[in-house]
Every structure is written in C-alpha cells, then in structure tokens.
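Okay, here's what each chain looks like letter by letter:
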Amino acid sequence: MVTNKEIVEDEGIVIDISKYSESSALLMILTSDGLKSFYLNGVYKLKSNLKSCLLIGNIIKFETHKAESKIKSIINSKVVFDISYCYFDYKKAMLISYIVYMLKYTKMENDKLFIGEFEFYKMIISAISNHNLNNIMLCFLAKLIEYSGYKPHLDSCYICNRKDNIVYFDINNGFMCKDCFNKNDIDYNPFSKNDLYVIKYAFSNINEDRLDALTPKDSLIKMIMLFDDFITLTFDFKKYEQLSSLLYK
C-alpha cells in the first residue's frame, strides 16, 4: 500500500522561483514529465538543505514524498550541474534568462512540448558554460519549433521536390526552389546560401560537440530572429525584451 512516507527521487532544471511565505517558496522545475511545481518549505531558513534549488538554471536531483497532493514538497536536493559561475558572464546569464523565459511561456500553451525531451534541454543548459552561445540559442529555438509540431521539409523543395536551386524557406513547410518561388510571387527576398546552411544545421541532429560548428554570424542572427518571431507569434506572448542585447553583445 502506498503511504505518504514513500520517497520519490527525480531530476530537473530549475526554471522559476517565487516566494509565497516568509521562509518558503514555490518552484517550477522542468522534469522528464514536463514542467511541474513544487513547494520549498523553509528554504529561506539559514540551515535549510534546499539551497541548491534557489538558482535558476541549476540541474538538480530532488526527493519528494509520494503524496496525493497536486503540488508536492521537496524534502531534499543536490546539484547535478552547477550553473552559478555562468552568471558572472553577461551573455551566458542573459541566455539562461532567455531559455527559461521561452520555456515558461510556451509551456502555458502546450505542456506536452516538454515530455520526453528533458535530455535535450539538459544538454542545452549544461552546454552554456563552454560552447558557442549563438549556436545554442539557434538549436534551442529550432527544437522548440519541432516540438510544437512543425517539421519543415529540408531535403528538397516542398512543392516540386527539386533538390537544387533552393532559395527560400518557410517554417510551416520547408525549402522552396527558385522556380516555385517565382511562380508563387512571394513578397520576400530570397535566402542566401549561408542562410540555408544555418537552417539545415539548426534542424539537424545536434549533440554537444556539434554546438561549436562554424556558422556564419549574420545568417545565424537572422535565423534566430526568424525563429524567435515565429515562436512568440505562434504561442502569442511578448518578445523577450533583451533579445537584441543578447544577440549583439
């Protein structure tokens, strides 16, 4: 028989912290089951053993009682990946802030976005310490787009299946060749070869080693802005205010 004394261990990324009493907080953690809320009772007391939970971006292991209540209380925690030293670097700190901002607001529309994808987000957070930050940002946004149900066709023109002379990209559909671009009278400038290379890179199978791939900076920033616009419009939330500072710092 299940009792409230049974202990469950889990792992997650600290996404948000809000104080709800003099000594306690409400925590949002990204786990393999999605974004979940937990109580941190007494965390602001001097001798609390839950201090590792109080840094956004930390990857932690934590224990809760297997209780019936919807929001459980964390009773113990330890750091798996310490993000603290990234906060001494302005751009790294801004990127952490941006990632958790995007995760929080996309979650409001679709919690299924995160289920089963914890290992990817875990890799992205841990990579901030020593990998190309713009590449991390680009690949993070591309995965958000994919997890939202959009799978752009990148092997050929999505209209005629032509593999050469690709000049355009549409997130909803994929690549388009020059002939189809002209026939459809699209009121946008064609994409450069560097743009198309960055798009294929963003939607490829990314591991931590590939986060340091050489990517043309102008095209990289252009695609980050395009992906960010698409996500904020799709989920209908306000753009991250410091996005320009993050990209051009």
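Residues numbered from 1 in each chain as written. Predicted model: local features only at pLDDT ≥ 70, side-chain atom pairs only at ≥ 80, totals over all residues. Heavy atoms only, no water.

1. Regarding the overall build of the chain
Then, number 1: Each helix and strand in the chain was counted, giving seven helices and seven strands.
Then, number 2: The linear arrangement of helices and strands in the chain, starting from the amino end, is β-β-β-β-β-α-α-α-β-β-α-α-α-α.
Then, number 3: Considering only C-alpha atoms, the chain reaches an extent of 65 × 45 × 30 Å along its principal axes.
Then, number 4: The burial tally for the chain puts 48% of its 249 residues in the buried class.
Then, number 5: For the chain, the share of sequence-separated contacts (at least 6 apart) that also reach a separation of at least 24 residues comes to 58%.
Then, number 6: Roughly 13100 Å² of accessible area belongs to the chain as shown, and the carbon and sulfur atoms make up 49% of that amount.
Then, number 7: For the chain, the distance from the average position of its 31 positive side-chain charges to the average position of its 31 negative side-chain charges is 3 Å. (Helix = DSSP H or I, 4+ residues; strand = E, 2+ residues; numbered from the N terminus. Buried < 20%, exposed > 50% of the residue type's maximum accessible area, 1.4 Å probe, protein only. Contact = heavy atoms within 4.5 Å. Areas by Shrake-Rupley, 256 points an atom, 1.4 Å probe, with all protein chains shown as cover. Lys, Arg positive; Asp, Glu negative; His and termini not counted. Charge placed at Lys NZ, Arg CZ, Asp CG, Glu CD.)

2. Quick word on the nonpolar core
Then, number 1: Counting 71 residues, the largest nonpolar core has Tyr98, Phe140 and Phe227 as the members making the most contacts within it.
Then, number 2: Sort the elements by how many residues they give to this core and helix α3 (residues 133-147) lands first, with eleven residues.
Then, number 3: Not counting residues up to four positions away in its chain, the partners in contact with Tyr98 are Met137, Phe140, Leu141, Asp228, Tyr240, Leu243 and Leu246. (Core = buried A, V, L, I, M, F, W, Y, C linked by side-chain atoms within 4.5 Å.)

3. What about unusual backbone geometry?
Then, number 1: The phi angle at Asp185 is positive, at roughly 50°, despite the residue not being glycine.
Then, number 2: Mapping Asp185 onto the fold places it in the loop between α4 (178-183) and α5 (193-202).
Then, number 3: Since its relative accessible area comes to 68%, Asp185 is described here as exposed.
Then, number 4: Even without being glycine, Asp236 reaches a positive phi, approximately 60°.
Then, number 5: Among the structural elements, Asp236 can be located in the loop between α6 (217-235) and α7 (243-248).

4. Structural notes on helix α2 (residues 118-127)
Then, number 1: Of all ten residues making up α2, nine are buried, and the element is well covered by its neighbours.
Then, number 2: Considered for burial, the residues of α2 that qualify are Phe118, Phe120, Tyr121, Lys122, Met123, Ile124, Ile125, Ser126 and Ala127.

5. Focus: the pattern of salt bridges
Then, number 1: Summed over the entire model, instances satisfying the criterion amount to nine salt bridges.
Then, number 2: With a closest N to O distance of 3.3 Å, Glu146 and Lys143 form a salt bridge. Of this pair, Glu146 and Lys143 both sit in helix α3, three residues apart, roughly one helical turn. Grouping residues by exposure puts Glu146 and Lys143 together as buried.
Then, number 3: Between Asp195 and Lys222 there is a salt bridge, and its shortest N-O distance comes to 2.8 Å. One end of the pair, Asp195, is in helix α5; the other, Lys222, is in helix α6, and 27 residues separate them in sequence.
Then, number 4: Given a relative accessible area of 3%, Asp195 falls into the buried group.
Then, number 5: You can call Lys222 partly exposed: its relative accessible area is 39%. (Salt bridge = Lys/Arg side-chain N within 4 Å of Asp/Glu carboxyl O.)

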